[in-house]
Amino acid sequence: MHFSKFLRAMEVITLNALSDNYMYLLIDKTTKKCAAVDPVNPKRILDAVKENGVHLSAILTTHHHSDHAGGNAELVHQWSSLHGEKLNVYGGDKRVDAITDAVAHEQKLKIGDNLDILCLSTPCHTSGHVCYYVVDRSNPSDTAVFTGDTLFLGGCGRFFEVCFSCCLYSHILPCFFVCEETYEPHPHLFGCGSGHRLDWALRCIGHLGRLTPSEGRMIR
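None of the values given here were measured: they were computed from a predicted structure.

(A) Expanded view of the overall build of the chain. Looking only at helices and strands, one finds five helices and 13 strands in the chain. Looking at the 220 residues of the chain, the share that counts as buried comes to 49%. Of the roughly 10,500 Å² of accessible surface on the chain, 51% is carried by carbon and sulfur atoms.

(B) Just the nonpolar core, in detail. Ranked by size, the top nonpolar core spans 20 residues in total, and within it Leu25, Cys34, Ile45, Val49, Leu56 and Leu75 carry the most contacts. Mapped by element, the contributors of at least two residues to this core are β1 (10-17), β2 (21-28), β3 (33-37), α1 (42-51), β4 (55-60) and α3 (72-83). The residues contacting Leu25, other than those within four sequence positions of it, are Glu11, Val12, Ile13, Cys34, Ala35, Ala36, Ile45, Ala48 and Val49.

(C) Just the sheet that holds β1, in detail. Taken together, the six strands give an open sheet; going across it, the order is β1-β2-β3-β4-β5-β6, and neighbouring strands pair in mixed fashion. Each edge of the open sheet carries a strand with a single partner, namely β1 and β6 (101-102). Pairing analysis gives five bridges linking β3 to β4, with the strands arranged parallel. By the bridge assignment, Lys33 is partnered in β4 with His55. Against the sheet, α1 contacts β1, β2, β3 and β4, and its axis sits at roughly 30 degrees relative to β2. α3 rests against β3, β4 and β5 (88-91) of the sheet, and its axis sits at about 160 degrees to β4.

(D) Local environment of the environment of Ala98. Looking at where Ala98 falls in the secondary structure, it is placed in the loop between β5 and β6. For the pair formed by Ala98 and His77, sequence separation is 21 residues and the distance between their alpha carbons is 9.9 Å. Not counting the four nearest positions on each side in its chain, Ala98 is found in contact with Asn72, Ala73 and Val89.

(E) View of α3. Given a rise of 1.5 Å per residue, twelve residues ought to cover 16 Å, and the 16 Å separating the end C-alpha atoms of α3 matches this to within 8%. Asn72, Leu75 and Trp79 are the residues of α3 that are buried. Taken around the axis of α3, the buried residues stretch over an arc of 65 degrees, which confines them to a single face. Relative to its buried face, α3 has exposed residues pointing more than 90 degrees away, namely His77 and Ser81. Two residues or fewer after α3 comes Gly84, characterised by a positive phi angle close to 65 degrees.

(F) Up close: the pattern of salt bridges. Scanning the model with the defined rule gives five salt bridges in all. For Asp142, the salt bridge goes to Arg8, with nearest N and O atoms at 3.9 Å. Within this pair, whereas Asp142 is found in the loop between β9 (130-136) and β10 (143-148), its partner Arg8 is found in the segment before β1, the two being separated by 134 residues in sequence. A relative accessible area of 10% means that Asp142 is categorised as buried. Between Asp116 and Lys110 there is a salt bridge, with the nearest N and O atoms lying 3.2 Å from each other.

(G) Just the pairing of β3, in detail. In terms of burial, β3 is a largely internal element, four of the five residues being buried. In this sheet, β3 lies alongside β2 in antiparallel orientation, the contact comprising five bridges. Looking across to β3, one finds that Tyr24 is bridged to Val37. Connecting the antiparallel pair β2 and β3 is a turn made up of four residues, with Lys32 showing a positive phi of about 65 degrees. In this fold, β3 hands off to α1, which returns the chain to β4; that crossover is right-handed.

(H) Spatial organisation of the side chain of Thr61. Along the chain, Thr61 falls in the loop between β4 and α2 (66-69). Note on Thr61: relative accessible area 0%, which makes it buried. Within the structure, the side chain of Thr61 is placed 3.1 Å from the side chain of Asn72, a separation counted as a polar contact. Discounting chain neighbours no more than four positions away, the residues touching Thr61 are Asp38, Ala69, Asn72, Val89, Tyr90, Gly91, Val96 and Tyr132.

Calculation criteria
- Residues numbered from 1 in each chain as written.
- Predicted model: local features only at pLDDT ≥ 70, side-chain atom pairs only at ≥ 80, totals over all residues.
- Heavy atoms only, no water.
- Helix = DSSP H or I, 4+ residues; strand = E, 2+ residues; numbered from the N terminus.
- Buried < 20%, exposed > 50% of the residue type's maximum accessible area, 1.4 Å probe, protein only.
- Areas by Shrake-Rupley, 256 points an atom, 1.4 Å probe, with all protein chains shown as cover.
- Core = buried A, V, L, I, M, F, W, Y, C linked by side-chain atoms within 4.5 Å.
- Contact = heavy atoms within 4.5 Å.
- Pairing = 2+ DSSP bridges.
- Axes fitted to C-alpha atoms, helices over the stretch in contact; angles between N-to-C directions.
- Expected span 1.5 Å × (residues − 1).
- Arc of directions from axis to C-beta.
- Salt bridge = Lys/Arg side-chain N within 4 Å of Asp/Glu carboxyl O.
- Right-handed = clockwise from strand over helix to strand, strands pointing away.
- Polar contact = N/O pair within 3.5 Å; in protein donor to acceptor, adjacent residues only side chain to side chain.

What follows is the structure, given as structure tokens:
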């Protein structure tokens, strides 16, 4: 009897950060390799890495704001001091603290042997904002998307650097529909308001209300 289709390599650990934010460990359980997503609190990330017996290999940064990228340099320094290894720091533009690799739209990354990552340019909250769409190769129905400040529960992040209406329809919605059409549907959504499924968020944007350009909030 074959059980491989029931096995899942991907695990996402959600960690509270600051007073109203989240950061994540994205883990390939089969290889024990992991990436830290927006690790604004390096100590808490390192504690979680140790507690879960995994090995950090990369930092995925959604955008350059300090409440998401502010811990990058310290985490890189501490990891190098502890293990003598450099971490790859991925992000969408040169303003991301300690960046080593600027990613392009639809560039593909990999964590461990099983986690395929698709980088999606969503230049809305900031001009260099990136979302990371993850597919577990060992079980392709297991998917996740890390949205940073592009998409919250019931709304999206304020558009600081670009035109609201242009980016909503030319970047946000097309990117997330790519997620649903290219891979298995209904990935889980991990952003500042983590926990709801992408189909729920899309219904909010498309059907339940409208977003105010000035505030980036959902109104009914």
